[in-house]
Amino acid sequence: MLRYTLLRILGAIPTLLLVIALAFLMVHAAPGGPFDAERRLPPEVEANIAAKYHLDEPLPKQFARYLGGLLQGDLGPSYRYRDRTVSELIGSAFPNSLRIGALAILFALLVGISSGTYAALRQGTLTDRFVMGLSMTGISIPVFVIAPVLVLLFAVKLQWLPAGWTSTESVSRYVLPVITLALPQIAYIARLTRASMIDVLGRDFVRTARAQGLGTLRVVRVHALKPALLPVLSYMGPAIAGIITGSVVVEEIFGISGVGQQFVRGALNRDYTLVLGVVVFYATLIVAFNLIVDILYAVIDPRVRYR
Amino acid sequence: MKTVKVTGSILLAIAVAAIAGPWLSPNDYVTTNFNAILSNPSIDGARWFGTDDLGRDLFVRTMLGIRVTLAVAIVASIVSLVIGVTYGAIAGYVGGRVDAVMMRFVDTLYALPFIFFVILLMVVFERNFLLIFVAIGAINWLDMARIVRGQTLSLREREFVEAARLTGVSTARIVFRHIAPNLIGIVVVYITLTIPQAILFESFLSFLGLGVQEPQTSLGTLVDAGVGHMERASWTLLIPASLLAVILLCFNFMGDGLRDYFDARHGQ
C-alpha cells in the first residue's frame, strides 16, 4: 500500500510540472508585453518595469524563479492590482469558492446516489425512465443556462430567494449557486450509480443475501452500496474539475467574489500573472484530488494495487 | 432507433431553419434600430423573436448564432476525430511499450483542467474563429483515442489484418486502409457524443466574453446578452437558452441511442 501511494505521488509530479510549464509558456508566448499601453512609455521606464518584474531575464531563468516562488506558495505579483500579490488575491477569494464547491459536491452526492439507487431498484418502470430522462437533461443543459433561468424563476418572478450574493451572511444566498453547481453532477452521479447498482444487484452475493430473507433496503445498504459506489468514487476527480469549471460561470452570474470571478476578471484585463496563478492553483487542486481518489480507491478495492 | 430518428429530425429542422431563416426575414443581424429596443416578439416587421438592446433583430441573430454553434461543433469534432483516431489506431496497432506510454500520456491529460488552458489561449492570443475551432477540437480527442485503441487492439488480431500483413502491406496502409474503415461505427457514436461537448465549450467561452466576437454571435453570446436583460425582456434569455438546451439534448440522446444500437449489434 505504501509502495502504491508513493508511486502515485511520484506519478503526479510530472503531471503538475507539465501543467505549470505549459501554462507558463503560453502566457510568455503572448504577443506584446503585459504593460503595453496606448501611450508609449519612455524606453528607460519600460526597462525599469521589465527589470522590476524580471521580464528582462531569459525565459528558463524566469521559469526557475517562478517554480522557486511556487514552492514557497508565492505566485508572483499581480500585473493589474499593483499593491497585491496573486497569492493574496486568490487567498482572499478562495474561502467563498471552497464553501460553495464543497456544499455542491455534498449535495450532488446525496441526491445523485439516492436517486440513482432508487431508479436502479425500479429498473424499467416509468419512474426509472423519468429519473434517467431528467438526468440526461441535467447533463445536457449547461450551467450558464440553468443559472439565469433559476434566477429568473425563483428570484425575479417568485422572489423567494436573492438573485445575487447578498452581503449579509445568510443561508438563502447559498441556495441558488449551490443547486446550479450541483445539478450537472447530480445527473452524472445518478446515471453512474444506477448503472453500477443494476450490475451489482444481479450478482450472486446479492441473490444469496436476498435468499436469506433480507429486505431490499438492507441488501442495498449493507451489501450492494459499497461495491456499487466504486465508479462514483472514481468519478469524483472529474466531478471536482466540473465543479471548478462551473464555479467560474456561477460566480460570474451570482456576483460571488470567488476565484472563478478573479479568473474571468484577470482574463478580460489581461492580468497574465493572475490568470496563470489561478490555472496553476486549480490544476494543482485537481491533480491532488485525483491522487487522493486514486489512493482511496486502492484502500477500498485492494485489487487495484496489484494491477 | 426511434430516439435517433426523432432527435435527428429535430436537429435537421433546426439546421435548415438556421441556414434558410435569415433569407426569409427582411431584417439583418447588424442594423441597429434605437426606436425598437428590446421589443416583444411580434409578426409586425417580422420581429419573430423581438429585438435586443441595440434594436437588432433577434430572430436573424439567433439563426446566425445557431450556424456558428453548429459550425464550431462540426469543425471541432473533425479535429478531435483526426487526432483521436490517428493516435488511438497507432497505439492500438503498434501495441506493447509504445501503447503503454501513449495511453499513460492520455491518462495524464485526462487529469488536466483543459478549459482553463483554452481560456488562457484566448486571453493570450487574438481571438479568432480558427483558434476556437482548433483549440476545442484539440482537447476533445481523449475519449476518441481510448475507444479507437480498444477497438484496434481486437481488430489487429483478425484474419484479414494478418493476411494483409503477410502479403507485405505497410503498417501505415494497414492502419488507414484496413483497420480505420472498421472503426466507423463506433467513431460515429462517439462523434455524436463529442459534438455536444464542443458546443458546450464554445458557448461557455462565448458566455464569458472570450469566444466569438461582436457583431458575430453564437448561442453562448446570446445567452450572455439575455442574462443582462432578463428582468425586462425574458425572451432574450429564454429563446437562445432553450434552443441551446434542445440542441445539446438532441445530440446527447442521439449519441446514447446510437450507442445502444451498436452495442446491441455487437452483442449478437
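Residues numbered from 1 in each chain as written. Chains lettered and ligands numbered in written order. Predicted model: local features only at pLDDT ≥ 70, side-chain atom pairs only at ≥ 80, totals over all residues. Heavy atoms only, no water.

(A) Structural view of the overall build of chain A. If you tally the helices and strands in chain A, you get 12 helices and zero strands. C-alpha atoms of chain A, sized along the principal axes, occupy 85 × 55 × 30 Å. Counting only residues that meet the buried cut, chain A has 46% of its 307 residues in that class. Considering only contacts within chain A whose residues lie at least 6 apart along the sequence, 73% involve residues at least 24 apart. Carbon and sulfur atoms form 64% of the exposed surface of chain A, whose accessible area is close to 15,500 Å². Between the averaged position of the 28 positive side-chain charges in chain A and that of its 18 negative side-chain charges there is a distance of 14 Å. (Helix = DSSP H or I, 4+ residues; strand = E, 2+ residues; numbered from the N terminus. Buried < 20%, exposed > 50% of the residue type's maximum accessible area, 1.4 Å probe, protein only. Contact = heavy atoms within 4.5 Å. Areas by Shrake-Rupley, 256 points an atom, 1.4 Å probe, with all protein chains shown as cover. Lys, Arg positive; Asp, Glu negative; His and termini not counted. Charge placed at Lys NZ, Arg CZ, Asp CG, Glu CD.)

(B) Region of the structure containing the overall build of chain B. Regarding its fold elements, chain B presents 11 helices and zero strands. Helices and strands in chain B line up, N terminus first, as α-α-α-α-α-α-α-α-α-α-α. Here the C-alpha coordinates of chain B stretch approximately 75 × 45 × 30 Å along the principal axes. Counting contacts in chain B only where the partners sit at least 6 residues apart, residues at least 24 apart contribute 69% of the total.

(C) Broad picture of the packing of aromatic side chains. All names here are of chain A. All chains considered together, the criterion is met by seven aromatic pairs over all chains. Taking 5.5 Å as the distance between ring centres and 45 degrees as the angle between the ring planes, the aromatic pair formed by Phe24 and Tyr66 counts as tilted. Of this pair, Phe24 sits in helix α1 (residues 2–28) while Tyr66 sits in helix α3 (residues 59–71); the two residues are 42 residues apart in sequence, bridging distant segments of the chain. Classification of Phe24 as buried rests on a relative accessible area of 3%. Judged by its relative accessible area of 10%, Tyr66 is buried. Each residue in the set Phe24, Phe63 and Tyr66 is aromatic and connected to the rest through ring pairs, giving one cluster. (Phe/Tyr/Trp six-rings, centres within 6.5 Å; stacked < 30°, edge-to-face > 60°.)

(D) Representation of the packing of helix α5 (residues 129–139) of chain B against helix α9 (residues 184–207) of chain B in the model. Residue and element names in this part refer to chain B. The N-to-C vectors of α5 and α9 enclose an angle of 130 degrees; their axes lie 10 Å apart at closest approach. By the angle between their directions, the pair α5 and α9 is classed as oblique. In this structure, α5 crosses over α9, and the sense of that crossing is right-handed. When α5 is examined against α9, the residues Ile132, Ile136 and Ile139 are found in contact with a partner set consisting of Ala198, Phe201, Glu202 and Leu205. Residue composition of the contact of α5 with α9, grouped by class: six nonpolar, no polar and one charged. (Axes fitted to C-alpha atoms, helices over the stretch in contact; angles between N-to-C directions. Parallel < 35°, antiparallel > 145°, perpendicular 65-115°, else oblique. Left-handed = near helix turned anticlockwise from the far one by under 90°. Nonpolar A, V, L, I, M, F, W, Y, C, P; charged D, E, K, R; others polar.)

(E) The interface of chain B and chain A, seen in detail. Each partner contributes to the interface: chain B provides 37 residues, whereas chain A provides 41 residues. Of the roughly 3,700 Å² buried between chain B and chain A on both sides combined, carbon and sulfur atoms contribute 82%. In this assembly, chain B and chain A are joined by one salt bridge. The shortest N-O distance in the salt bridge between Arg191(A) and Asp256(B) comes to 3.0 Å. There are two residue pairs in polar contact (both at pLDDT 80 or more) connecting chain B and chain A. Of all the elements in the fold, those that place two or more residues in the side of chain B that touches chain A are α4 (114–124), α9, α10 (219–229) and α11 (235–267) of chain B. The element that contributes the greatest number of residues to the side of chain B that touches chain A is α11(B), accounting for 10 residues. Residues that form the side of chain B that touches chain A fall into these classes: 28 nonpolar, six polar and three charged. (Buried area = accessible area lost by both parts, 1.4 Å probe. Salt bridge = Lys/Arg side-chain N within 4 Å of Asp/Glu carboxyl O. Polar contact = N/O pair within 3.5 Å; in protein donor to acceptor, adjacent residues only side chain to side chain.)

(F) Summary view of the confidence of the model for chain A. Averaged over every residue, the pLDDT of chain A is 82; residues scoring 70 or more account for 94%. When the elements of chain A are averaged for pLDDT, helix α2 (residues 43–52) of chain A gives the smallest value, 75, and helix α4 (residues 86–121) of chain A the largest, 89. (pLDDT = per-residue confidence, 0-100.)

(G) Examining the packing of helix α2 (residues 58–94) of chain B against helix α6 (residues 142–155) of chain B more closely. Residue and element names in this part refer to chain B. As a packed pair, α2 and α6 sit with axes 7 Å apart at the nearest point and diverge in direction by 35 degrees. Considering how the two elements wind past one another, α2 and α6 form a crossing that is right-handed. Along the contact surface, α2 presents Ser80, Leu81, Gly84, Val85, Tyr87, Gly88, Ala89, Ala91, Gly92 and Tyr93, while α6 presents Met144, Ala145, Val148, Arg149, Thr152 and Leu153. When its residues are assigned to classes, the contact of α2 with α6 shows 10 nonpolar, five polar and one charged.

(H) How the structure looks around a nonpolar patch on the surface. Residue and element names in this part refer to chain A. Where nonpolar side chains cluster on the molecular surface, the patch consists of Leu2, Leu6, Ile9, Leu10, Ile13 and Leu17 and spans about 580 Å² of accessible area. When you line up the elements, Leu17 lands in helix α1. Leu17 gets classed as partly exposed once you look at its relative accessible area, which sits at 40%. (Patch = residues over 30% accessible without salt bridge, like charges linked within 9 Å, V, L, I, M, F, W, Y side chains within 5 Å.)

(I) Here's a closer look at the confidence of the model for chain B. Residues and elements named next belong to chain B. In the predicted model, chain B carries a mean pLDDT of 80, and 91% of its residues have values of at least 70. Within chain B, helix α7 (residues 159–166) carries the highest mean pLDDT (88), whereas α4 carries the lowest (75). Reported confidences for the modelled complex are a pTM of 0.79 and an ipTM of 0.72.

(J) How the structure looks around the pattern of salt bridges. Residue and element names in this part refer to chain A. Taken as a whole and assessed by the stated rule, the structure comprises seven salt bridges over all chains. Between Arg203 and Asp199 there is a salt bridge, and its shortest N-O distance comes to 3.3 Å. Residues Arg207 and Asp204 are paired through a salt bridge, measuring 3.7 Å at the closest nitrogen-oxygen approach. Here Arg207 and its partner Asp204 are both found in helix α8 (residues 204–211), three residues apart, which amounts to about one turn of the helix. Judged on exposure class, the residue Arg207 and its partner Asp204 are both exposed.

(K) Just the side chain of Asp256(B), in detail. Within the fold, Asp256(B) resides in helix α11. Classification of Asp256(B) by relative accessible area gives buried; the value is 16%. At 3.0 Å, the side chain of Asp256(B) and the side chain of Arg191(A) are in polar contact. Setting aside its immediate chain neighbours within four residues, Asp256(B) contacts Met136(A), Arg191(A) and Leu193(B).

(L) Just α6(B), in detail. Residues and elements named next belong to chain B. Helix length check: α6 (14 residues) gives 20 Å between terminal C-alpha atoms against 20 Å at 1.5 Å per residue, within 8%. Among the residues of α6, those classed as buried are Leu142, Met144, Ala145, Val148, Thr152 and Leu155. Axial view of α6: buried residues confined to an arc of 145 degrees, hence all on one face. (Expected span 1.5 Å × (residues − 1). Arc of directions from axis to C-beta.)

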